[in-house]
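Topology and contacts: notes
Each chain is listed here by its residues.
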Amino acid sequence: MITQILLCGGSGTRLWPLSRKGFPKQFATILGGRSLFAASAERLSGPGFGRPVIVTGADFRFVVTEQLAEAGIDPAAILIEPEPRNTAPAILAAALHVAARDPEALMLVAPSDHAIADPAAFREAVMRGAPIARAGRIVTFGIAPTRAETGYGWLELEGAMEGPAVPLRRFIEKPDRAHAEEMLAAGHFLWNSGIFLFSAATILAAFEDHAPGLLEPVRGAVEAAVPDLGFLRLAPEPWARVEPISIDYAVMERASNLSVVPYAGSWNDLGGWDAVALEMGPDDRGVSLAGSATALDCHDTLLRSDSEGVEIVGIGLENIIAVAMKDAVLVADRNRAQDVKAAVEALKARGARQAENFLHDRRPWGFFETLALGDRFQVKRILVHPGAALSLQSHVHRSEHWIVVRGTARVTVDNEVRLVTENQSVYIPLGARHRMENPGKVAMELIEVQTGSYLGEDDITRYEDIYARGQGARG
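Values in this document were obtained by computation on a predicted structure and should not be read as measured data. (Residues numbered from 1 in each chain as written. Predicted model: local features only at pLDDT ≥ 70, side-chain atom pairs only at ≥ 80, totals over all residues. Heavy atoms only, no water.)

**Let's talk about the side chain of Arg 304**
- Of note, Arg 304 is situated in strand β14 (residues 302–305).
- The exposure class of Arg 304 is buried, given its relative accessible area of 3%.
- A polar contact of 2.6 Å, which involves the side chain of Arg 304, links it to the side chain of Asp 306.
- Sequence-distant contacts of Arg 304, defined by excluding residues within four places in its chain, comprise Leu 18, Thr 29, Ile 30, Trp 273, Val 276, Met 280, Ala 290, Ala 293, Ile 312, Ala 322, Val 323 and Ala 324. (Helix = DSSP H or I, 4+ residues; strand = E, 2+ residues; numbered from the N terminus. Buried < 20%, exposed > 50% of the residue type's maximum accessible area, 1.4 Å probe, protein only. Polar contact = N/O pair within 3.5 Å; in protein donor to acceptor, adjacent residues only side chain to side chain. Contact = heavy atoms within 4.5 Å.)

**Some words on the domain arrangement of the protein**
- Its domain assignment divides the protein into domain 1 (1–266), domain 2 (282–336) and domain 3 (358–462).
- If you average the C-alpha positions of domain 1 and of domain 3, the two centres end up 39 Å apart. (Domains from an automatic or database assignment.)

**Re the sheet that holds strand β27 (residues 444–452)**
- Here we have 6 strands laid out as an open sheet, ordered β18-β19-β20-β27-β22-β25, and antiparallel in their pairing. The open sheet is flanked by β18 (360–363) and β25 (425–428), the only strands paired with a single partner. With strand direction ignored, the average angle separating the axes of adjacent strands in the sheet is 20°. (Pairing = 2+ DSSP bridges. Axes fitted to C-alpha atoms, helices over the stretch in contact; angles between N-to-C directions.)

**Notes on the UniProt feature "domain: MannoseP isomerase/GMP-like beta-helix" (unreviewed entry) in the protein**
- Using the residue numbers shown here, the UniProt feature "domain: MannoseP isomerase/GMP-like beta-helix" (unreviewed entry) corresponds to residues 294–347.
- The span residues 294–347 shows a helical share of 15% and a strand share of 39%, and its end C-alpha atoms are spaced 28 Å apart. (UniProt positions renumbered as here; feature names shortened; annotations may be inferred.)

**Some points on a nonpolar patch on the surface**
- Together, Leu 296, Val 313 and Ile 315 line one region of the surface with nonpolar side chains, adding up to about 300 Å² of accessible area.
- Locating Ile 315 in the fold gives a position in strand β15 (residues 312–315).
- Ile 315 sits in the exposed class, given a relative accessible area of 62%. (Patch = residues over 30% accessible without salt bridge, like charges linked within 9 Å, V, L, I, M, F, W, Y side chains within 5 Å. Areas by Shrake-Rupley, 256 points an atom, 1.4 Å probe, with all protein chains shown as cover. Salt bridge = Lys/Arg side-chain N within 4 Å of Asp/Glu carboxyl O.)

**Section: the nonpolar core**
- Counting residues in hydrophobic clusters, the biggest one holds 91 residues, and the most contacted among them are Leu 108, Phe 141, Leu 197 and Trp 273.
- For this core, the element with the most residues is helix α4 (residues 119–134), which contributes 6 residues.
- In this structure, Phe 141 is in contact with Leu 108, Ala 125, Val 126, Leu 155, Trp 191, Ser 193, Ile 195, Phe 196, Leu 197 and Val 261, ignoring residues within four places of it in sequence. (Core = buried A, V, L, I, M, F, W, Y, C linked by side-chain atoms within 4.5 Å.)

**So, the environment of Ile 2**
- Within the secondary structure, Ile 2 sits in strand β1 (residues 2–7).
- We classify Ile 2 as buried; its relative accessible area is 1%.
- Each C-alpha atom, one on Ile 2 and one on Phe 358, is 37 Å from the other, the two residues being 356 residues apart in sequence.
- Setting aside residues up to four positions removed in sequence, Ile 2 forms contacts with Gly 48, Phe 49, Gly 50, Leu 106, Leu 108, Val 126, Met 127, Ala 130 and Leu 197.

**What to know about helix α2 (residues 61–71)**
- The complete set of buried residues in α2 reads Arg 61, Phe 62, Val 63, Val 64, Gln 67 and Leu 68.
- Along its buried surface, α2 packs onto α1 (36–43), β2 (53–57), β3 (77–81) and β10 (231–233).
- With its phi angle positive at about 75°, Gly 72 sits one or two positions after the end of α2.

**Comments concerning the pattern of salt bridges**
- A complete count under the given rule lists 30 salt bridges for this structure.
- Ionic pairing is found between Glu 156 and Arg 170, a salt bridge with its closest N-O pair at 2.4 Å. Highlighted residues: Glu 156 in strand β6 (residues 154–157) and Arg 170 in strand β7 (residues 166–172), separated in sequence by 14 residues.
- When its relative accessible area of 7% is taken as the criterion, Glu 156 is described as buried.
- When the shortest N-O distance is used, the salt bridge between Glu 400 and Arg 398 registers 3.0 Å.

**Notes on the pairing of strand β22 (residues 398–406)**
- Where β22 lies against β27, 8 bridges are found, and the strand directions are antiparallel. Across the sheet, the residue bridging to His 401 is Val 449, located in β27.
- The pairing of β22 with β25 spans 4 bridges and is antiparallel. Looking at β25, one finds that His 401 is bridged to Tyr 427.

**Looking at helix α7 (residues 215–223)**
- Among the residues of α7, Leu 215, Pro 217, Val 218, Ala 221 and Val 222 are the ones counted as buried.
- Where α7 is buried, its residues contact α3 (87–99), α6 (200–210) and α8 (236–239).

**With respect to the sheet that holds strand β17 (residues 329–333)**
- Taken together, the 4 strands give an open sheet; going across it, the order is β12-β14-β16-β17, and neighbouring strands pair in mixed fashion. With one partner strand each, in any of the chains shown, β12 (288–290) and β17 form the two edges of the open sheet. Strand-to-strand twist across the sheet, computed as the mean angle between neighbouring axes with direction ignored, equals 5°.
- With 4 bridges joining them, β14 and strand β16 (residues 320–324) adopt parallel strand pairing. Looking at the pairing, Ser 305 lines up with Ala 324 of β16.

**A short note on the packing of aromatic side chains**
- On inspection of all chains with the given rule, the structure shows 11 aromatic pairs.
- Relative to Tyr 467, the ring of Phe 62 lies with its centre 5.5 Å away and its plane at 75°, an arrangement referred to as edge-to-face. Here the residue Phe 62 occupies a position in helix α2, and Tyr 467 occupies one in the segment after β28 (461–464), the gap between them amounting to 405 residues.
- Given the relative accessible area of 11%, Tyr 467 is considered buried. (Phe/Tyr/Trp six-rings, centres within 6.5 Å; stacked < 30°, edge-to-face > 60°.)

**Considering the UniProt feature "domain: Mannose-6-phosphate isomerase type II C-terminal" (unreviewed entry) in the protein**
- On the UniProt side, "domain: Mannose-6-phosphate isomerase type II C-terminal" (unreviewed entry) is annotated at positions that read residues 359–465 here.
- Along residues 359–465, the helical share is 0% and the strand share 59%, with 24 Å between the first and last C-alpha atoms.

**Some thoughts on the environment of Ala 121**
- With respect to the element layout, Ala 121 can be found in helix α4.
- Remark: the alpha-carbon pair of Ala 121 and Tyr 263, spanning 142 residues in sequence, is separated by 8.3 Å.

**Overview of the packing of α1 against α2**
- Running from N to C, α1 and α2 cross one another at 50°; their axes reach a closest spacing of 10 Å. Here α2 runs oblique to α1, going by the angle between their axes. As α1 runs across α2, the sense of the crossing is right-handed. Between α1, through Phe 37, Ala 38, Ala 41 and Glu 42, and α2, the contact on the second element is made entirely by Val 64, Gln 67, Leu 68 and Ala 71. (Parallel < 35°, antiparallel > 145°, perpendicular 65-115°, else oblique. Left-handed = near helix turned anticlockwise from the far one by under 90°.)

Here's what the structure looks like:
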């Protein structure tokens, strides 16, 4: 039985504006009708695979459970990192958790934001690698290259691709165009998928040999982890002493017991909009369209609208990426797709909200979206799932007015509790303790009008919360 370890704490800034820190690409619907995370979990949930272990951040824990539930997958554990520390500490924490139950258990470590069009073929490749991993090797999966790609790392093999696996000679960082073309022609190089298979005992021994400094603080964080609403929160004090480092630098580039299982099927890490355009299936002019998009006399161009009611039209474009949302638009030369990350940093430096956050903000009870925002007012649309409830809270700087437009709300204002139905409203004075709940069996929607000197999401003092979020904007 193989335990899948899904890593889903990244921010995916290269797919801005669709992917942002507040809701990164692994949880977004980029291809088809489900998220990359859900597709990753489903891909390895059949015979031979156990319940997955998820490693994520606190902000995404309820998104993880919601999307797993929609996919019908019950996780073995969801480990919550107090703060991101790159892939090596995350993998080590998962290995320690798995090893406590079975040191010989096989672990398949995978990012949650890759697109693999043929799950059955990939599962077959994993099964080919299983006997090799049981024998004490670290197995990685190399993708048969189809082009001289400069956006991926590469793997150099020790010899010809014969048998189920080939020893790895070395990892190669993202190459320049000339080097990529040389490797493509040579025939004994593969793309690095960043997916690994090993036993818990093997990877713990590798950390002991190559990154011993990580063991003490990560082990401390795992041993002092606290269960919380079905999650396992790693202890923050030892985790704060963990060096942020990738698994490649910490272990893989130093280990001598690596083997590569070749995989010739379709694979895409969706590391930029150029990669997304290829995966979408361009037409004979190289044009990829998504959403309300229209192309006239365009070539090698991606036009994408990810907001209902926003039309995007391209005329006479060549080699262009254009992605439109309600609050942000990206237009870039296709050859500069990897520079989107730098653009996000520039937006952050300017203090632009769009750098990291959306108008539409998901919460464990539902979502809200900002409809209008002014100097001393904000108008939101709020949706609350059946049976869900916001925290009992108060605000220091704002008052609120709620108008129910669908369903029924149970509203608490200080010591008064009453039902508010469609077309009715209620006023929440500044400083009042208040809460809204949805006691019904259908989603409840309301319009909230905020007025005050400060309207930030961190102006929340929580007194009770069924989601145990603590204080702050998200808790």
